[in-house]
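Here is what each chain is made of, one letter per residue.
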Amino acid sequence: MSVDLILFGGTGDLAWRKIMPALFQAFRHGSLPANCRIVGVARDDLTDDQYRVHIKSRFEQVELAKRPSDEEFSRFAQQLGYLRMDLSSPPDYARLSQLLRQRQADGVVMYLATAPALFTTVCEQIAAAGLNGEQTRVVLEKPLGHDLASNRAINACVRKVLSEKQIFRIDHYLGKPSVQNLFALRFGNSLFEPLWRREYIANIQITIAEELGVEKRGAFYDSTGALRDMVQNHALQLLCAIGMEPPINAHADAIRDEKLKVLRSLTPWTAQTLDQHVIRGQYAAGTIDGQAVPGYQGEAGVNPDSRTETFVALRTEIANWRWAGVPFYIRTGKRMAERDAHIEVNFRPTPHAIFRSPQGCNLGNRLVINLQPKDGLELHLQAQGADPLHRRGTPLLEPVQLDLDFDKRFGAERVGAYERLLLDVIDGRLNLFVRSDEQEEAWRWIEPVLEHWRQEPSGPRPYAAGTWGPSAANTMIARDGYCWSEES
């Protein structure tokens, strides 16, 4: 199969940090079609050879295990090319059309690694140049818009020139092996399904914590914030995977239909819940791994008076028969105590205690689904240990843990998120991509939060870098009688 992959924004941050390393790994693993031509598109005045040198220099900043040797890159570079384009210039799209007509590839992938503001322009120009045929697939990066109205506008424009099966709205979290194993855990095993409901589950917590700050993305992040950057997409997709009903099959629309039902079942916001169930924060100066780091307002590209949130914690519920009354907590932030993404399912304790437990010990079972940096499952149970006081009667229970490490079981060199998703685009598989109605429903749900923040004078709560966020997030979950996982 011959494929032309056109990478708009081909010299940008996303291209060299994520997309090119993923394409190289696919090349290294032998899964990238041998007849795949990769063409970087940007405004920089570069030749093909200069672009190859540029990409090779960027690989020096990729983690060591994923860097190509000189010989590997020399072979990979044979598939790389470059085209200088002004994305608003029709004559430049005519040149792109001429380039593509030179060999009439079986498939054309156009990856828009650009600012979302350019999505409509690029798609309109693609159509005007006659490049939107059935063999064309367009990949749209997040965030798709900055609110519900802009998301609808972008989707409406894109759907005018492309069918839904040609549009691949990417959320790289869905490509993570750990998230795919979440679907396997739920729908490939019968063990947990009878317990996966309100009668047995007390609460569910989703944490996506990062040690890093905004790095070189200060200007972008300052206009986006954690709610748009993480909650509207990654966190809500994880919530859907946890909360959805079993799909009738593994086809894309069957899965996405069930996720959409979850989004439509999220409890609507009220004035009271907006005040009590949503916490926003912004990191101040602090210490990470013993090194002093600046506060968010001191980062390059950030407004020194910025009110942009770098932390969000919230509480919601899914209003249906399976989940009614079960709180779902979402927490995400930058410059937190450690890099950690996981889902914690907290089961209800036994209805009648016949064993003793150590003071302060929670006897409820926990299932922890680790997403990063670990990839695996932890099942926290209670067992009778070596109790020196067993002769006094009631046995003493102790917490024990079953730990399944997927990296050890399947190997750490499994296909990465972007590699998996890029190969799915080439093959036309939509299962791990987001449909437009899903996206719109997610924006509709968070829009009241954005509006509430616009009217709230206090702004985000400060928290020291290297901590778990504002103390108000602990207060929020404590009102229900629970605590975050690092405190349990």
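Keep in mind that what you see is a predicted model, and the values were worked out from it rather than measured.

What counts as what
Residues numbered from 1 in each chain as written. Predicted model: local features only at pLDDT ≥ 70, side-chain atom pairs only at ≥ 80, totals over all residues. Heavy atoms only, no water. Helix = DSSP H or I, 4+ residues; strand = E, 2+ residues; numbered from the N terminus. Rg over C-alpha atoms; globule rule 2.2 N^0.38 Å. Buried < 20%, exposed > 50% of the residue type's maximum accessible area, 1.4 Å probe, protein only. Contact = heavy atoms within 4.5 Å. Salt bridge = Lys/Arg side-chain N within 4 Å of Asp/Glu carboxyl O. Phe/Tyr/Trp six-rings, centres within 6.5 Å; stacked < 30°, edge-to-face > 60°. Core = buried A, V, L, I, M, F, W, Y, C linked by side-chain atoms within 4.5 Å. Pairing = 2+ DSSP bridges. Axes fitted to C-alpha atoms, helices over the stretch in contact; angles between N-to-C directions.

Moving on, we come to the overall build of the protein. Assigned secondary structure in the protein consists of 15 helices and 17 strands. Compactness check: the protein gives a C-alpha radius of gyration of 24 Å against a globular reference of 23 Å for 488 residues, within 12% of the reference. Principal axes of the C-alpha set define a box for the protein whose edges measure 85 × 50 × 50 Å. When burial is assessed residue by residue, the protein has 53% of its 488 residues classed as buried. Once local pairs closer than 6 in sequence are excluded, the contacts in the protein between residues at least 24 apart make up 77%.

Next up on the list: unusual backbone geometry. With an omega of -10°, the peptide bond running from K142 to P143 counts as cis. Mapped onto the secondary structure, P143 falls in the loop between β5 (136–140) and α6 (148–161). Here the bond from Q372 into P373 is cis, since omega is -5°, no more than 30 degrees from zero. Here P373 is to be found in the loop between β14 (366–372) and β15 (376–384). Look at Q104: it is not a glycine, yet its phi comes out positive at around 50°. By secondary structure assignment, the location of Q104 is in the loop between α4 (90–101) and β4 (107–112). Of the residues examined, Q104 reaches a relative accessible area of 56% and is grouped as exposed. In this structure, E215 is a non-glycine residue whose phi angle is positive, near 55°. By the element assignment, E215 lies in the loop between β7 (201–209) and α8 (218–222). Residue class for E215 comes out partly exposed when judged on its relative accessible area of 44%.

Okay, the pattern of salt bridges next. Where charged atoms of side chains with opposite charge meet at close range, the side chains can pair. All chains considered together, the criterion is met by 38 salt bridges. R17 is the partner of D13 in a salt bridge, and the nearest nitrogen-oxygen pair spans 2.5 Å. Pair noted here: D13 and R17 are both in helix α1 (residues 13–28), with a separation of four residues, about one helical turn. Judged by its relative accessible area of 34%, R17 is partly exposed.

Another point: the packing of aromatic side chains. Overall, the coordinates contain 18 aromatic pairs when judged by the stated rule. When the centroid spacing of 5.0 Å and the interplanar angle of 35° are considered together, the rings of Y51 and Y82 count as tilted. Residue Y51 is found in helix α2 (residues 48–59), and its partner Y82 is found in strand β3 (residues 80–84); the two are separated by 31 residues along the sequence. Residue Y51 is classed as buried on the basis of its relative accessible area, which comes to 0%.

Looking now at helix α13 (residues 417–427). In an α-helix, one turn spans 3.6 residues; hence positions three or four apart end up facing the same way. Among the eleven residues that make up α13, nine are buried, leaving the element largely enclosed by the rest of the structure. All buried positions along α13 are accounted for by A417, Y418, E419, L421, L422, L423, D424, V425 and I426. Buried-residue contacts for α13 involve β1 (2–8), α1, β4, β5 and β6 (167–169). Backbone geometry just downstream of α13 places G428 in the positive-phi region, at approximately 80°.

Glancing now at the nonpolar core. Ranked by internal contacts, the top residues of the largest apolar core, which has 115 residues, are L7, M20, L23, F76, Y111, I343 and I369. Ranked by residues supplied to this core, first place goes to helix α9 (residues 225–243) with eleven residues. What M20 contacts, discounting residues up to four positions off in sequence, is L7, A15, I38, Y51, I55, F59, F76 and L80. Within the second largest apolar cluster, 27 residues are counted, among which are Y93, F119, V158 and L162.

Before going further, it helps to spend a moment on the sheet that holds β3. Strands sit in the order β3-β2-β1-β4-β5-β6 across an open sheet of six strands; the sheet is parallel. Edge positions in the sheet fall to β3 and β6, since each has one partner strand and no second. Pairwise comparison of adjacent strand axes, ignoring direction, gives a mean angle of 20° for this sheet.

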